[in-house]
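Commentary on secondary and tertiary structure
Now for the letters of each chain:
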Amino acid sequence: SSQIVRAGLARVLARPNMNDMRSSMTYTAGTGTYTGEAGNPNLEPYRAISLDLSYEKYFGNKGYVAVAGFYKELDSYIIKSSTQFDFTKLVGTVPSDMNPLGTLTQPVNGQGGSISGVELSANIPFNLLTPVLDGFGVMASASMTESSVSLPASGLKVQDINLTNIPLPGLSKNVFNLRAYYEK
């Protein structure tokens, strides 16, 4: 059985997904108003300074248990923003029962924030219990994450929240995985 402690310090980036960077826009005419969604070809990637520390204990030829902590200081991130938009440019003449000012939602870059958390993981091959179960096993992991980002100055509507910092949208606070496997 062996044990390993790993530490990492890195400057990282993740590119925006292609759909967020599209240069097109779609819109619909609802009851008296227009709503639209667009991409943003000028998006910058997610950028962060990352610090990771893990402890891993290995046993057998495939088994391990590990605990890892991480902290990321965000320089930039991507968030969906809704702004008022004049749809007259797209539809030409606006019918009298429609308001030409509607809501356009698109991704924008935000700056500042952090992500931190702990991950527990294990791979338990059942041949450690008995040779009859050789090839069978279980992999499990649990991640607990906290995040806080500074909202862009304009364009966001967050009902009933008067904070300038919120959890990073789209990031799960807790994630659990359990997988049974057969591998031979």
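Notes on the structure in this doc start here. It should be emphasised that the depicted structure is a prediction, and the values quoted were computed from it without experimental measurement.

What about the overall build of the protein?
When you go through the protein residue by residue, the secondary structure sums to one helix and 10 strands. Ordered by position in the sequence, the α and β elements of the protein form the string β-β-β-β-β-α-β-β-β-β-β. The C-alpha atoms of the protein give a radius of gyration of 24 Å, which is well past the 16 Å a tight globule of 184 residues would have. Taking the principal axes of its C-alpha atoms as reference, the protein extends roughly 80 × 35 × 30 Å. Counting across all 184 residues of the protein, residues that qualify as buried make up 26%. For the protein, contacts bridging at least 24 residues in sequence account for 70% of all contacts bridging at least 6. If you sum the accessible surface of the protein, you get close to 11,800 Å²; carbon and sulfur atoms cover 57% of it.

Observations regarding the side chain of glutamate 56
Topologically, glutamate 56 is positioned in strand β4 (residues 46–59). You can call glutamate 56 buried: its relative accessible area is 10%. Side-chain polar atoms of glutamate 56 contact the side chain of tyrosine 58, separated by 2.7 Å. Every residue in contact with glutamate 56, bar those within four places of it in the chain, is listed here: Ser2, Gln3, Ile4, Arg6, Val65 and Ala66.

Description of the environment of arginine 15
For arginine 15, the location among the structural elements is in the loop between β1 (2–14) and β2 (25–29). Assessed through its relative accessible area of 68%, arginine 15 is described here as exposed.

Notes on the nonpolar core
By size, the foremost hydrophobic cluster in this structure holds eight residues: Ala48, Leu74, Tyr77, Ile79, Ile115, Val149, Ile166 and Leu168. Take this core: its biggest share by element is three residues, from strand β5 (residues 63–86).

With respect to a nonpolar patch on the surface
Where nonpolar side chains cluster on the molecular surface, the patch consists of Val5, Leu53, Tyr55, Val67, Val118, Leu120, Met144 and Phe176 and spans about 700 Å² of accessible area. Of all elements in the fold, only β4 and β7 (113–125) reach the threshold of two or more residues within the nonpolar patch. Turning to its location among the elements, valine 5 is positioned in strand β1. Assessed through its relative accessible area of 61%, valine 5 is described here as exposed.

Rules used throughout
- Along each chain, the written sequence defines residue order, and numbers are assigned to residues from 1.
- Selection of residues for local features in this predicted model requires a pLDDT of at least 70, selection of side-chain atom pairs for listing and counting requires 80 or more, and totals for whole chains, interfaces and linings are taken over all residues.
- As a convention, hydrogens and water are excluded, and side-chain values are obtained from all of the structure's heavy atoms.
- Under the DSSP-based scheme used, a helix requires at least four consecutive residues in state H or I and a strand at least two consecutive residues in state E, with every element numbered from the N terminus.
- Note on method: radius of gyration uses C-alpha positions; expected globular size equals 2.2 Å times residues raised to 0.38.
- Buried residues are those whose accessible area, probed at 1.4 Å on protein chains only, stays under 20% of the maximum for their type, while exposed residues exceed 50% and partly exposed ones sit between those limits.
- The contact rule is simple, with two residues in contact once any of their heavy atoms fall within 4.5 Å.
- Surface accessibility in these figures is a Shrake-Rupley result with a 1.4 Å probe; residues are shielded only by whichever protein chains are displayed.
- Counted as a polar contact is a pair of N or O atoms within 3.5 Å, where, for protein atoms, one must be capable of donating a hydrogen and the other of accepting one, and residues adjacent in sequence contribute only when both atoms are in side chains.
- In this text, buried Ala, Val, Leu, Ile, Met, Phe, Trp, Tyr and Cys residues form a nonpolar core when linked through side-chain atoms within 4.5 Å.
- Only residues whose relative accessible area exceeds 30% and that take part in no salt bridge are eligible for patches, with like-charged residues grouped when within 9 Å of each other and nonpolar side chains (Val, Leu, Ile, Met, Phe, Trp, Tyr) grouped when within 5 Å.
- The working definition used for a salt bridge is a side-chain nitrogen of Lys or Arg within 4 Å of a carboxyl oxygen of Asp or Glu.

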